[in-house]
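Results of the structural survey
Okay, here's what each chain looks like letter by letter:
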Amino acid sequence: MRTFIRNNSLSVFFLVIFLAALVGQAFAGWAQFNDQQVASGMGEIGLGRYLTSADYAVDVTENWQSEYLQFLLYILATVFFIQKGSPESPTHAGLGDDKEQKLGRHTVDDSPAWAKAGGVRTSIFSWSLTIVMASIFFVSWLAQSIAGWAAFNETRLEDRLDPISWGAYLTNPDFWARTLQNWQSEFLAVGSMAVLAIYLRQRGSAESKPVGEPHESTGVSAG
Amino acid sequence: MSQAVQTGCSGYSRSVRSLAAAIALVVLFSLSACSSGNDDAATQAAEQLHASLRTEDGSAACALLSDAVQEELSESQGSSCESAVMAAGIPDSGRVVEVKVYGTSALVRYDEDVVFLGEFPDGWKVTAAGCSPHAGAPYDCQVQGG
């Protein structure tokens, strides 16, 4: 068990702080929701009810979709774009040849089975990270649109307005304000990291170049 | 070597199954958030309000109104809630033509009336009644609160 945790400490660390933040968000969101209910003359709800509410669902999923989009774009952008000096950037754009990618006759004994299989399976496996990240992004965005629609209509009914259809919600400013406010911050963070990592270092981090590595070195990480 | 291949393959399948389960969870999560089994309860509260008005039971009618509506009624009409609700001019309902429930809010549309409700710890309460639409603006209601 101890060995497992040591070998997977990065994943375990993020899982723990993810769950802690999700629980914290639940309590903070619940209190905020009830404050708004009281202010508008509506009834308060219990924590269990809040956890299955549209309000909580939309707040969770709007952040999930933007985070997965961020990493999806970073994965794809680093195939086709270069940032000279960045440890995250490839030295040259493109998908790489079989030798670089350890495919075909360049596979090794412990290469993944689907990398060795060839044909469709290797093609799918070659894009599997993008496929999975894109799937989670689209599902989260769909979930955001459904939960956001329900939460938006809940507020409209409180304000004695007719509810709107899901289709109408997809062109509503509420949906796009929630979406774009998350996207802009993710794009800024990932773009600035790519640039800052040219000139700045974090000793020991796989996201940084070695401290003594020249600023001009591209695609070199300390990991 | 063959063992390494087997391990890699089953590990990949497990990841795919885990992903499918996670995606299903997210969809269920969002669907559960927008669906509710409260249509009947909200409709029942609106029906009881109209039934109380028909039998001129102001006390029963007031018990179905939210606190904010009761206060607004008493203040605006300068009388008890029981008297004020009977004098408010809430039209006789007709039949239910539409029920919409989103979370803790609901709308019950009748032939002759629109009733808005909210879910409170002691059940659904009317937050506005005797409402008529105003294009692009909130419904104009005979009784409302907040």
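Each remark here, short or long, concerns the structure printed above.
A brief structural summary. (Residues numbered from 1 in each chain as written. Chains lettered and ligands numbered in written order. Predicted model: local features only at pLDDT ≥ 70, side-chain atom pairs only at ≥ 80, totals over all residues. Heavy atoms only, no water.)

Re the packing of aromatic side chains
Residue and element names in this part refer to chain A. Heads up, the condition is: Between rings of Phe, Tyr and Trp, where Trp is taken as its six-membered ring, a pair exists when centres lie within 6.5 Å; planes separated by under 30 degrees are stacked, by over 60 edge-to-face, and by other angles tilted. Cation placement over rings: the criterion is NZ of Lys or CZ of Arg within 6 Å of the ring centroid and within 35° of the ring normal.
Counted under the stated rule, the structure contains 17 aromatic pairs over all chains. Aromatic pair Phe13 and Phe14: ring centres 5.2 Å apart, planes at 70°, arrangement edge-to-face. Each member of the aromatic cluster is reached from another via a ring pair, and the members are Phe137, Phe138, Trp141, Phe152, Tyr169, Phe175, Trp176, Trp183 and Phe187. For the cation-ring pair, Arg121 lies above Trp114, with the distance from its terminal atom to the ring centre recorded as 5.9 Å.

Structural notes on the sheet that holds strand β1 (residues 96-102) of chain B
Definition in use: Here a strand pair is declared whenever DSSP counts at least two bridges between the two strands. Each helix corresponds to a stretch of at least 4 residues labelled H or I by DSSP, and each strand to a stretch of at least 2 residues labelled E; elements are numbered beginning at the N terminus. Convention adopted: a line fitted to C-alpha atoms gives each axis, helices being fitted over their contacting stretch, and angles between N-to-C directions are expressed from 0 to 180 degrees. Should any heavy atoms of two residues lie within 4.5 Å, those residues are considered in contact.
Reading across the sheet, the five strands line up as β1-β2-β3-β4-β5 (chain B) and stay open at both edges, with antiparallel pairing between neighbours. Whereas interior strands pair on both sides, the edge strands pair on one side only; in this sheet they are β1 and β5 (137-144) of chain B. On average, each strand axis in the sheet is tilted by 30° relative to the strand beside it, whichever way the strands run. Relative to β5(B), strand β4 (residues 123-134) of chain B runs antiparallel, the two sharing five bridges. If you follow B:Ser132 over to β5(B), its bridge partner there is B:Asp140. Here helix α8 (residues 128-158) of chain A sits on the sheet and contacts β1, β2 (105-110) and β3 (114-120) of chain B; the angle it forms with β1(B), its principal contact strand, is near 120°. Across the sheet, helix α2 (residues 39-54) of chain B is in contact with β1, β2, β3 and β4 of chain B; its angle to β2(B) comes to roughly 55°.

Brief notes about the nonpolar core
Our working rule: Residues enter a nonpolar core if they are buried and are Ala, Val, Leu, Ile, Met, Phe, Trp, Tyr or Cys, with the set joined through side-chain atoms within 4.5 Å. Each residue is placed in one exposure class: buried if its accessible area under a 1.4 Å probe, protein chains only, is under 20% of its type's maximum, exposed if it is over 50%, and partly exposed if it falls in between.
In this structure, A:Leu72, A:Phe137, A:Tyr169, B:Val114, B:Phe116, B:Cys131 and B:Tyr139 are the most contacted members of the largest nonpolar core, which totals 27 residues. Of all the elements in the fold, those that place two or more residues in this core are α4 (54-80), α8 and α10 (173-199) of chain A together with β3, β4 and β5 of chain B. Counting residues per element, this core draws most heavily on α8(A), at ten residues. Counting residues in hydrophobic clusters, the runner-up holds 26 residues, among them B:Ala42, B:Leu65, B:Leu73 and B:Ala84.

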